[in-house]
Amino acid sequence: MNARPSQQDAKAAGTSGPSPTLDARLCVHQLGLSAAAIRDVAFTVPVWAAVMTVMMGGVIPDIGNTSQSLTWPWIVVCAAVSAGTFSLWHMIKRRSRERSL
(Lines give C-alpha, C1' and ligand atoms only; values in the text may rest on other atoms or scores of the structure.)
Protein backbone atom coordinates (compact mmCIF):
# COMPACT_ATOMS: atom_id res chain seq x y z
CA MET A 1 0.00 0.00 0.00
CA ASN A 2 1.39 3.38 -1.01
CA ALA A 3 1.10 5.92 1.82
CA ARG A 4 1.88 8.85 -0.47
CA PRO A 5 -1.07 10.01 -2.57
CA SER A 6 -0.46 9.96 -6.30
CA GLN A 7 -1.22 12.78 -8.68
CA GLN A 8 -4.19 10.78 -10.00
CA ASP A 9 -5.63 10.65 -6.46
CA ALA A 10 -5.11 14.40 -6.12
CA LYS A 11 -6.86 15.05 -9.45
CA ALA A 12 -9.73 12.78 -8.45
CA ALA A 13 -10.11 14.73 -5.21
CA GLY A 14 -10.18 18.01 -7.15
CA THR A 15 -6.82 19.26 -5.90
CA SER A 16 -3.55 19.58 -7.67
CA GLY A 17 -0.82 17.31 -6.33
CA PRO A 18 2.77 18.33 -5.89
CA SER A 19 4.63 19.07 -9.08
CA PRO A 20 7.03 16.38 -10.22
CA THR A 21 10.02 18.67 -9.64
CA LEU A 22 8.91 19.51 -6.09
CA ASP A 23 8.23 15.85 -5.40
CA ALA A 24 11.71 14.91 -6.65
CA ARG A 25 13.38 17.68 -4.62
CA LEU A 26 11.56 16.61 -1.47
CA CYS A 27 12.54 12.98 -2.02
CA VAL A 28 16.21 13.92 -2.45
CA HIS A 29 16.09 16.12 0.65
CA GLN A 30 14.48 13.34 2.68
CA LEU A 31 17.13 10.85 1.54
CA GLY A 32 19.85 13.29 2.61
CA LEU A 33 18.31 13.73 6.05
CA SER A 34 17.86 9.98 6.50
CA ALA A 35 21.49 9.39 5.58
CA ALA A 36 22.57 12.02 8.14
CA ALA A 37 20.59 10.28 10.88
CA ILE A 38 22.15 6.93 10.02
CA ARG A 39 25.60 8.57 10.03
CA ASP A 40 25.03 9.96 13.53
CA VAL A 41 24.00 6.55 14.84
CA ALA A 42 26.99 4.87 13.17
CA PHE A 43 29.41 7.22 14.94
CA THR A 44 28.20 6.03 18.34
CA VAL A 45 28.72 2.33 17.56
CA PRO A 46 32.51 2.25 18.22
CA VAL A 47 31.99 4.15 21.47
CA TRP A 48 29.31 1.67 22.51
CA ALA A 49 31.60 -1.22 21.57
CA ALA A 50 34.42 0.23 23.68
CA VAL A 51 32.13 0.73 26.68
CA MET A 52 30.78 -2.81 26.43
CA THR A 53 34.29 -4.24 26.03
CA VAL A 54 35.48 -2.45 29.16
CA MET A 55 32.39 -3.48 31.14
CA MET A 56 32.66 -7.11 30.04
CA GLY A 57 36.42 -7.09 30.62
CA GLY A 58 36.13 -7.42 34.37
CA VAL A 59 35.49 -3.84 35.47
CA ILE A 60 32.08 -5.02 36.64
CA PRO A 61 32.65 -8.73 37.41
CA ASP A 62 28.93 -9.51 37.66
CA ILE A 63 28.44 -8.55 34.01
CA GLY A 64 31.38 -10.39 32.51
CA ASN A 65 34.98 -11.38 32.75
CA THR A 66 36.18 -11.71 29.16
CA SER A 67 39.71 -10.64 28.40
CA GLN A 68 39.98 -7.40 26.47
CA SER A 69 42.59 -9.04 24.28
CA LEU A 70 39.77 -11.21 22.91
CA THR A 71 37.22 -8.42 22.43
CA TRP A 72 39.30 -5.68 20.80
CA PRO A 73 38.45 -6.90 17.25
CA TRP A 74 34.83 -5.98 17.96
CA ILE A 75 35.85 -2.33 18.41
CA VAL A 76 37.90 -2.44 15.19
CA VAL A 77 35.04 -3.97 13.20
CA CYS A 78 32.58 -1.39 14.56
CA ALA A 79 34.99 1.43 13.68
CA ALA A 80 35.40 0.02 10.15
CA VAL A 81 31.62 -0.15 9.68
CA SER A 82 31.35 3.44 10.92
CA ALA A 83 34.02 4.56 8.46
CA GLY A 84 32.13 2.85 5.64
CA THR A 85 28.90 4.48 6.74
CA PHE A 86 30.60 7.88 6.82
CA SER A 87 31.91 7.48 3.27
CA LEU A 88 28.45 6.36 2.09
CA TRP A 89 26.87 9.37 3.83
CA HIS A 90 29.41 11.68 2.18
CA MET A 91 28.55 10.25 -1.26
CA ILE A 92 24.79 10.60 -0.65
CA LYS A 93 25.23 14.17 0.61
CA ARG A 94 27.27 15.12 -2.46
CA ARG A 95 24.81 13.49 -4.84
CA SER A 96 21.82 15.09 -3.10
CA ARG A 97 23.42 18.52 -3.51
CA GLU A 98 23.91 17.74 -7.19
CA ARG A 99 20.36 16.34 -7.32
CA SER A 100 21.61 13.19 -9.00
CA LEU A 101 20.18 10.58 -6.63
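Further up the page is the structure itself.
Residues numbered from 1 in each chain as written. Predicted model: local features only at pLDDT ≥ 70, side-chain atom pairs only at ≥ 80, totals over all residues. Heavy atoms only, no water.

### Some details on the overall build of the protein chain
Okay, so step 1: Scanning the protein chain from N- to C-terminus turns up 3 helices and 0 strands.
Okay, so step 2: Helices (α) and strands (β) of the protein chain occur, in sequence order from the N terminus, as α-α-α.
Okay, so step 3: Counting every position in the protein chain, which comprises 101 residues, the buried fraction comes to 18%.
Okay, so step 4: Long-range contacts, defined here as pairs at least 24 residues apart, represent 50% of the contacts in the protein chain between residues at least 6 apart. (Helix = DSSP H or I, 4+ residues; strand = E, 2+ residues; numbered from the N terminus. Buried < 20%, exposed > 50% of the residue type's maximum accessible area, 1.4 Å probe, protein only. Contact = heavy atoms within 4.5 Å.)

### Describing the side chain of threonine 53
Okay, so step 1: For threonine 53, the location among the structural elements is in helix α2 (residues 20–59).
Okay, so step 2: Note on threonine 53: relative accessible area 5%, which makes it buried.

### Structural notes on the environment of tryptophan 89
Okay, so step 1: Counting through the fold element by element, tryptophan 89 comes out in helix α3 (residues 68–98).
Okay, so step 2: On the accessibility criterion, tryptophan 89 (12% relative accessible area) is buried.
Okay, so step 3: For the pair tryptophan 89 and alanine 35, spaced 54 residues apart in sequence, the C-alpha to C-alpha distance is 5.7 Å.
Okay, so step 4: In this structure, tryptophan 89 is in contact with Ala35, Ala36 and Arg39, ignoring residues within four places of it in sequence.

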